[in-house]
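What follows is each chain in one-letter form.
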Amino acid sequence: MKTVAQRVPGSVFWVLGSAWTVIRRASLFVLLIVLSASFFSWVWIYASALRDPRYLDGWVLAAGMSLQFSFHAAVKTNKLPPKLLKRWRGVHIFVGYALVAAFLSHSNFSMPDTPFEWALWSGFVTVTLSGVFGTYLAWSSRAKGGIDDNISLERILARRADLARDVRELISTPDQIAVELSLPAPPYDAWITDLYANHLNHFFAEPRNFSSHLFGSRRPLQRLTAEIERLSRYVDGPRQDKLATISKMTAEKDRLDFARVHLALTRAWLFVHVPITYALLVLSALHILVVYSYSSGAW
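Residues numbered from 1 in each chain as written. Predicted model: local features only at pLDDT ≥ 70, side-chain atom pairs only at ≥ 80, totals over all residues. Heavy atoms only, no water.

A. Molecular detail of helix α5 (residues 153-172). Between its terminal C-alpha atoms α5 stretches 29 Å, which fits the 28 Å expected from 20 residues at 1.5 Å a residue. Three or more residues of α5 are buried, namely I156, R160, L163, A164, V167 and I171. Across the axial projection of α5, the buried residues extend over an arc of 95°, all falling on one side. For α5, exposure combined with an orientation more than 90 degrees from the buried face picks out E154 and S172. (Helix = DSSP H or I, 4+ residues; strand = E, 2+ residues; numbered from the N terminus. Expected span 1.5 Å × (residues − 1). Buried < 20%, exposed > 50% of the residue type's maximum accessible area, 1.4 Å probe, protein only. Arc of directions from axis to C-beta.)

Given below as structure tokens:
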């Protein structure tokens with residue numbers, strides 16, 4: 001009873017935390033819808049006053065993109081405290097979603113006509129989609145328990161090699177009691193060896209399950225651990241302990257594979273999202289210059 005009582009508060013806090021997360025995200029989604037609808041109404045009223053709405057939503061886009069650029073500049077300084085950085089990242093993501101409404105309004109829900117407009121349209125769409133993908137990467141990392149900030153691809157490679165070696169040595173270690181008593185080798189070790197040859201050797205040899213880690217699926221790991229648990233029912237105590245250790249190593253290898261996928265995609269994502277963001281800012285500045293070169297006023 002004491003153990004159960006100790007677990008209940010933690011479970012309650014976990015449920016409350018999950019409920020609060022859902023409520024907060026739902027509130028942000030509703031706020032985004034309300035802001036987008038309000039913006040479209042504002043543009044409609046502006047156009048009803050016989051003014052060109054493209055100047056209004058265009059400047060809203062420019063202001064939002066400047067705010068997004070300030071986030072990149074602040075991150076580059078490496079001077080923001082972690083809590084402030086987390087909050088600013090949340091604002092960065094929310095503003096990015098909100099700018100979709102301004103972009104749709106500015107493009108008048110239509111496709112571009114000129115090559116320059118196609119460049120602007122493609123740049124904004126690419127930045128938006130890559131931003132959504134970056135948000136998914138951050139969410140998947142938290143959903144799977146997170147990744148150590150100090151980990152690197154090189155450390156993952158070295159640790160994976162250590163795990164593969166340790167598993168082989170553990171499986172090949174003979175039963176000391178049977179050796180001392182000169183008893184025939186029990187079949188349990190042969191069963192564990194077969195398990196390693198048929199399921200674990202391939203898993204520990206190289207990184208595995210890229211697509212599963214990309215989509216956050218735990219089914220490959222669950223299949224392996226199910227095989228280990230199934231065999232554990234038919235062996236004696238020492239072999240059960242050995243299989244329990246192997247199961248922990250398997251779970252760690254799976255986490256390393258997930259971290260490798262996440263880190264590789266994050267590096268690739270940065271080479272897409274950040275350069276195209278800067279290119280879009282340059283194109284937007286040129287777009288403003290071209291527009292006001294042929295206009296008679298600011299609005």
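Resuming the write-up.
B. Quick peek at the environment of E252. Position of E252 relative to the elements: it lies in helix α10 (residues 237-293). A C-alpha to C-alpha distance of 8.9 Å links E252 and R160, two positions 92 residues apart in sequence. Discounting residues that sit within four places of it in the chain, E252 has contacts with R159 and L163. (Contact = heavy atoms within 4.5 Å.)

C. Main features of the packing of aromatic side chains. Inspection of the entire model under this criterion finds 13 aromatic pairs. When the centroid spacing of 5.3 Å and the interplanar angle of 85° are considered together, the rings of F203 and F204 count as edge-to-face. Judged by its relative accessible area of 4%, F203 is buried. Aromatic ring contacts, followed pair by pair, group F39, F40, W42 and F109 into a single cluster. Sitting over the ring of F203, K253 keeps its end group 4.2 Å from the ring centre. (Phe/Tyr/Trp six-rings, centres within 6.5 Å; stacked < 30°, edge-to-face > 60°. Lys NZ or Arg CZ within 6 Å of the ring centre and 35° of its normal.)

D. The packing of α5 against α10, seen in detail. Between α5 and α10, the least distance of the axes is 10 Å, while the angle of their chain directions is 160°. Compared by their axis directions, α5 and α10 come out roughly antiparallel. With respect to the hand of their crossing, α5 and α10 are arranged in left-handed fashion. Here L153, I156, R159, R160, L163, D166, V167, L170 and I171 of α5 lie close against α10, whose contacting residues are K242, T245, I246, M249, E252, K253, L256, D257, A259, R260, L263 and R267. Each residue belonging to the contact of α5 with α10 can be placed in one class, and the counts come to 11 nonpolar, one polar and nine charged. (Axes fitted to C-alpha atoms, helices over the stretch in contact; angles between N-to-C directions. Parallel < 35°, antiparallel > 145°, perpendicular 65-115°, else oblique. Left-handed = near helix turned anticlockwise from the far one by under 90°. Nonpolar A, V, L, I, M, F, W, Y, C, P; charged D, E, K, R; others polar.)

E. Fine view of empty space enclosed by the protein. The final tally for this structure, using the stated rule, is one cavity of 30 Å³ or more. Within this model, the largest cavity holds a volume of roughly 40 Å³. For the largest cavity, the full set of lining residues is L137, S140, H213, L214, F258, V261, H262 and L265. Counting residues per element, the ones that place at least two in the lining of the largest cavity are α4 (115-143), α8 (210-214) and α10. At four residues, α10 tops the list of elements feeding residues into the lining of the largest cavity. (1 Å grid on protein atoms, 1.4 Å probe; cavity = no way out; pocket = protein on both sides within 12 Å on 5 of 7 lines; lining within 4 Å. Points joined across faces, edges and corners; volume = space filled by probe spheres on them.)

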